[in-house]
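Notes for the structure review
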Amino acid sequence: MTTPYFIDVILPIPLHKEFTYRISETEANFIQPGMRVAVQFGKTKVYAAIVTNVHQTPPEVYEAKEIEHILDEIPIVTQKQLALWTWMAEYYLCSKGEVMRAALPGAFLLESETIINKKELTIDESDLKDDEFLLYEALHYQSVLRIQEIIDILGKKNVLPVIKSLIEKGAITVQEEIYEQYKPKLVRCVQLHQQYRDEDNLRALLDQMNRAPKQKAVVMHLFTLQAKSEDPVKVNELVKASNTSSAVIKALVDKQVLEVYQLQTDRVQYHSDSVEDAKQLNPYQQKALDEIEHSFTDKEVCMLHGVTSSGKTEIYVQLIQKVIQQGKQVLYLLPEIALTTQLISRLQQYFGEQLTVYHSKYSVNERVEAWNNIRDNKSKAQIIIGARSAIFLPFQDLGLIIVDEEHESTFKQYDPAPRYHARDTAIVIAKMFGAKVLLGSATPALETYYNAKQGKYALVELTRRHGNVLMPEINLVDLKTKYKRKEMTGHFSDVLLENIQEALKEGEQVILFQNRRGYSPVVECNTCGHSPQCPNCDVSLTYHNYKNQLRCHYCGYHMAMQQQCMSCSSTDLSTKGFGTEQIEKELVDLFPDHVIARMDQDTTRGKHGYEKIINRFEQGEVHILVGTQMLSKGLDFRNVTLVGIMNADNLLNFPDFRAHERSFQLIQQVSGRAGRTEKRGKVLVQTYNPFHQILQQVSVNDYSGMFKDQIEERHQYKYPPFFRLIKITIKHKDYNKVNNAAGWLAKSLRNVFKDNVLGPEFPPIARIRNQYHKNILIKIPQGQSLSKTKAVIKKINTTFSSIKDFSGVRVIYNVDNQ
Ligand code: ADP
Ligand code: ZN
Ligand code: ZN
């Protein structure tokens with residue numbers, strides 16, 4: 001009898017173990033960890049699974065099934081990635097399958113529920129094998145197919161190789177949810193028609209054009225522009241330079257004198273020979289750079305604490321250059337790609353083709369391409385810029401990770417598992433590679449700054465803005481007095497209005513920040529006090545004026561605005577509180593001659609929604625921009641001199657132990673958008689609590705004062721960085737089930753962890769999408785073993801899962817809950 005061979009695989013499912021399958025000896029000689037194999041799981045499901053181990057030990061409790069097929073010729077996942085997945089699953093209390101699902105681009109995750117689409121383009125059908133043709137044909141009649149349907153059509157189970165081959169031939173794609181395809185921005189450029197590149201023809205043309213002087217002028221201007229620079233000439237550039245209209249250009253195109261063609265903006269900005277040189281650092285930047293590099297000789301992580309507009313990006317650029325010169329890769333993590341197009345184009349100008357942008361909104365194929373380039377260490381994947389999910393890429397030789405705006409909470413994934421923090425994970429990855437980590441922020445997270453102060457990380461400070469630009473002047477406006485003295489117009493104090501007027505008069509721009517979207521949060525009946533509630537969630541509906549709707553911000557439920565109270569039919573309704581939409585409307589009335597735009601989740605939903613608004617503001621088409629937190633994210637507008645914060649109190653009063661830290665960060669970051677050039681910027685913060693310590697500290701840029709106070713509170717109330725947190729959320733649609741399950745869990749945990757277990761407690765919004773929630777918080781003191789703590793939790797969880805009364809109850813673990 002021949003000795004049997006086996007492989008262990010990770011399946012993309014939330015079960016906490018690997019599964020063993022049987023393979024032949026030939027297969028055993030071929031298969032390596034990190035390759036995908038198609039395997040059957042359950043009765044009908046087929047998954048692409050990742051091999052972790054090839055061995056000869058049969059599983060003890062079940063008969064190993066044979067694999068269906070090997071999907072890869074070489075590993076698509078590296079050994080380091082597998083090690084990272086193991087770490088993540090352990091640390092964040094989830095399964096490796098869940099990590100796998102988050103880590104791999106959708107196209108790698110072929111499975112029964114996957115939907116296959118036909119591609120727009122037609123391909124040469126004679127190129128297809130029989131099975132491939134059959135499937136391709138079927139897609140003519142039905143534009144999408146699920147894998148199960150394909151199994152039926154082809155009359156065999158092993159359909160993944162057919163699908164894989166069709167993807168490679170460009171015949172089909174794998175569909176994922178509703179991701180927008182990434183479309184690079186196109187610019188219309190213009191050149192002389194082919195036939196006039198010949199000199200004789202050109203001369204004849206110009207002679208002939210004497211009768212059409214306007215058209216001739218355009219052609220002459222085109223020559224001038226071409227002589228000035230080798231860059232392609234944009235249509236609107238030519239229109240402007242020759243002071244003509246697009247109609248004239250069109251006439252020339254119709255006459256086949258000119259040719260219009262489309263170019264991607266990034267191509268326009270960097271064709272390989274026009275890559276810009278990095279800027280000369282100012283002395284403070286140079287000193288910071290030296291300190292960072294010096295710190296890397298004995299520390300893995302360095303915190304760069306540099307005020308807004310101090311030129312941190314230029315320092316990153318210098319560091320990146322040095323690392324890629326050594327042939328190593330650089331990972332540049334950003335809180336959010338959509339909001340950082342400005343930064344990306346800046347980096348593209350420096351690094352051109354060496355930069356790969358990895359974005360979950362890009363198409364499947366683009367992501368697979370990026371993945372492969374990074375794994376193969378291609379020159380165009382030397383610098384990888386991406387949001388948190390970029391930590392999952394198959395790096396080969398990482399030298400440096402930059403985490404820009406490291407304090408941002410979007411680095412933490414909330415849902416689904418793995419609920420990881422990209423900054424913390426980045427530090428783990430860097431260790432695997434012996435790479436360095438630079439954390440950058442104007443308002444570091446308390447944990448990070450604490451680690452730096454403790455000497456665990458190096459700390460480099462940059463306290464001046466570039467070009468001796470002053471930090472903005474921040475003033476607090478006392479709303480209580482303003483209302484009492486009747487110095488308010490709508491939600492604007494007289495001071496804020498005067499300053500807006502002044503700025504507009506000078507041709508400057510204004511940013512106004514309001515933390516809530518919609519028109520006003522609550523509609524209330526003045527007769528009986530009733531306010532309309534979401535039927536699925538325990539929240540009041542928010543009034544949206546533009547659509548005349550009441551909407552739930554948690555589940556999307558909406559209904560038409562009611563004219564009468566739904567409880568007592570009274571028509572005497574009033575609105576309480578206010579959101580961005582209302583501010584926008586008041587501004588339109590106050591400043592009818594100016595252009596006002598709003599940036600929040602409601603206005604940025606469409607394709608390239610953010611970019612459009614940011615561009616319009618950048619181009620000066622918009623004078624006042626009203627928005628939510630989105631405004632705080634590293635935008636660099638040259639002409640903004642005034643920032644107004646409509647109401648600081650709803651930030652400060654948020655029921656969360658980080659509310660004060662977050663308020664400080666947010667207000668500082670929003671303020672940082674003001675006065676980035678010579679003229680000193682001004683910030684007005686409207687509040688009912690001008691003496692609140694956080695606002696006092698914000699107003700004088702006192703980060704270290706804020707840090708000192710907050711860290712004391714954290715110590716006193718047992719919060720991070722002194723205690724680690726694990727938040728457990730119990731969910732079910734049955735209220736009693738949630739109560740009982742949460743009670744049981746808390747009691748079991750309390751037996752072990754005593755007073756360090758808090759709750760169970762219903763959160764302020766106890767029901768979302770018809771699911772009740774209850775929370776338990778575990779606090780882990782320094783010195784208590786994290787792995788032992790987690791082992792206990794896992795054991796309790798296993799017992800919990802076996803209790804019949806609790807079946808169907810979801811338990812969610814969030815380690816390092818933010
Ligand atoms: P931060 O990221 O610290 O907020 P930025 O890197 O965005 O700051 O820099 C702010 C502005 O100053 C940018 O417009 C940048 O181009 C400019 N800048 C920074 N450093 C230099 C330098 N050494 N020379 C010229 N311009 C610089
Ligand atoms: Zn009523
Ligand atoms: Zn709802």
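Residue positions are given per chain, counted from 1 along the sequence in the order it is written. Ligands are numbered from 1 and chains lettered from A, in the order in which they are written. Local features in this predicted model are restricted to residues of pLDDT 70 or higher, and side-chain atom pairs are both shown and tallied only at a pLDDT of 80 or more, whereas totals for entire chains, interfaces and linings draw on every residue. The side-chain numbers reported here are obtained from all heavy atoms of the structure, hydrogens and water having been left aside.

1. Thoughts on the environment of Thr489
Structurally, the position occupied by Thr489 is in strand 21 (residues 488-489). Spatially, the C-alpha atom of Thr489 lies 8.9 Å from that of Glu586, the residues being 97 residues apart in sequence. Only heavy atoms matter for contacts: two residues are in contact if any of them lie within 4.5 Å across the pair. Look past the residues within four positions of Thr489 in its chain and what remains in contact with it is Leu497, Glu586 and Leu590. Numbering of helices and strands runs from the N terminus, with a helix taken as a DSSP run of H or I at least four residues long and a strand as a DSSP run of E at least two residues long.

2. With respect to the domain arrangement of the protein
Often the size quoted for an interface is simply the accessible area lost on bringing the parts together. Domain limits in this description derive from either an automatic procedure or a database domain assignment. According to the domain assignment, the protein consists of domain 1 (5-108), domain 2 (112-178), domain 3 (194-256), domain 4 (283-467), domain 5 (473-519 + 578-713) and domain 6 (723-815). The interface is formed by four residues belonging to domain 1 together with eight residues belonging to domain 6. Buried area adds together the accessible area that both of two parts lose upon being put together, with accessible area traced by a 1.4 Å probe. Between domain 1 and domain 6, roughly 600 Å² of surface is buried when both sides are summed, and carbon and sulfur atoms account for 60% of that area. The largest per-residue losses of area from domain 1 upon contact with domain 6 belong to Tyr91, Tyr92 and Leu93, which jointly make up 84% of the total buried on that side. Salt bridges are identified by distance alone: a Lys or Arg side-chain nitrogen within 4 Å of an Asp or Glu carboxyl oxygen. For the pair domain 1 and domain 6, the number of links is one salt bridge. The partner of Lys794 in a salt bridge is Glu90, with the nearest N and O atoms 3.7 Å apart. Two N or O atoms form a polar contact when they lie within 3.5 Å of each other; inside protein one atom must be a possible hydrogen donor and the other a possible acceptor, and for residues adjacent in sequence the pair counts only when both atoms belong to side chains. Between the two partners, domain 1 and domain 6, sit two residue pairs in polar contact (both at pLDDT 80 or more). Side-chain classes are defined by residue name, with Ala, Val, Leu, Ile, Met, Phe, Trp, Tyr, Cys and Pro counting as nonpolar, Asp, Glu, Lys and Arg as charged, and the others, Gly among them, as polar. Of the residues that constitute the side of domain 1 that touches domain 6, the class distribution is three nonpolar, no polar and one charged.

3. Description of the packing of helix 17 (residues 446-453) against helix 25 (residues 703-716)
Only the contacting stretch of a helix is used when fitting its axis, a line to C-alpha atoms as for every element, and angles between N-to-C directions run 0 to 180 degrees. Between helix 17 and helix 25, whose axes approach to 11 Å, the crossing angle comes to 95°. Classified by the interaxial angle, the pair formed by helix 17 and helix 25 is roughly perpendicular. Residues Leu446, Glu447, Tyr449, Tyr450 and Lys453 of helix 17 form the contact with helix 25, whose participating residues are Tyr703, Met706, Phe707, Gln710, Ile711 and Arg714. Here the contact of helix 17 with helix 25 is built from residues that sort into seven nonpolar, one polar and three charged. We call two directions roughly parallel when the angle between them is under 35 degrees, roughly antiparallel when it is over 145, roughly perpendicular when it lies between 65 and 115, and oblique otherwise.

4. Some points on helix 8 (residues 213-228)
Working rule for helices: expected span equals 1.5 Å times residues minus one. Given a rise of 1.5 Å per residue, 16 residues ought to cover 22 Å, and the 23 Å separating the end C-alpha atoms of helix 8 matches this to within 8%. Every buried residue belonging to helix 8 is among Gln215, Val218, Val219, Leu222 and Leu225, and all of these are buried. Buried residues in helix 8, looked at end-on, bunch into an arc of 120°, giving them a common side. Exposed and oriented more than 90 degrees from the buried face of helix 8 are Pro213, Ala227 and Lys228. Three exposure classes are used, based on accessible area relative to the maximum for each residue type with a 1.4 Å probe and protein chains only: buried under 20%, partly exposed in between, and exposed over 50%. Working definition: the arc comes from the directions between the helix axis and the C-beta atoms, pointing outward to the latter.

5. Let's talk about the site of ligand 1
Think of it this way: one heavy atom of a residue within 4 Å of a molecule or strand is enough to make that residue near it. The full set close to ligand 1 counts 18 residues, and Gln280, Gln285, Ser309, Asp636 and Arg638 are the nearest of them. Between ligand 1 and Lys312, the relevant distance is 2.9 Å, taken from an oxygen atom to a side-chain nitrogen or oxygen of the residue. Within the contact set of ligand 1, an oxygen atom lies 3.0 Å away from a side-chain nitrogen or oxygen of Arg346. In isolation ligand 1 offers 560 Å² of accessible surface; the protein chains occlude 83% of this area. Using the Shrake-Rupley algorithm and a 1.4 Å probe, accessible areas are obtained, with residue cover drawn only from the displayed protein chains.

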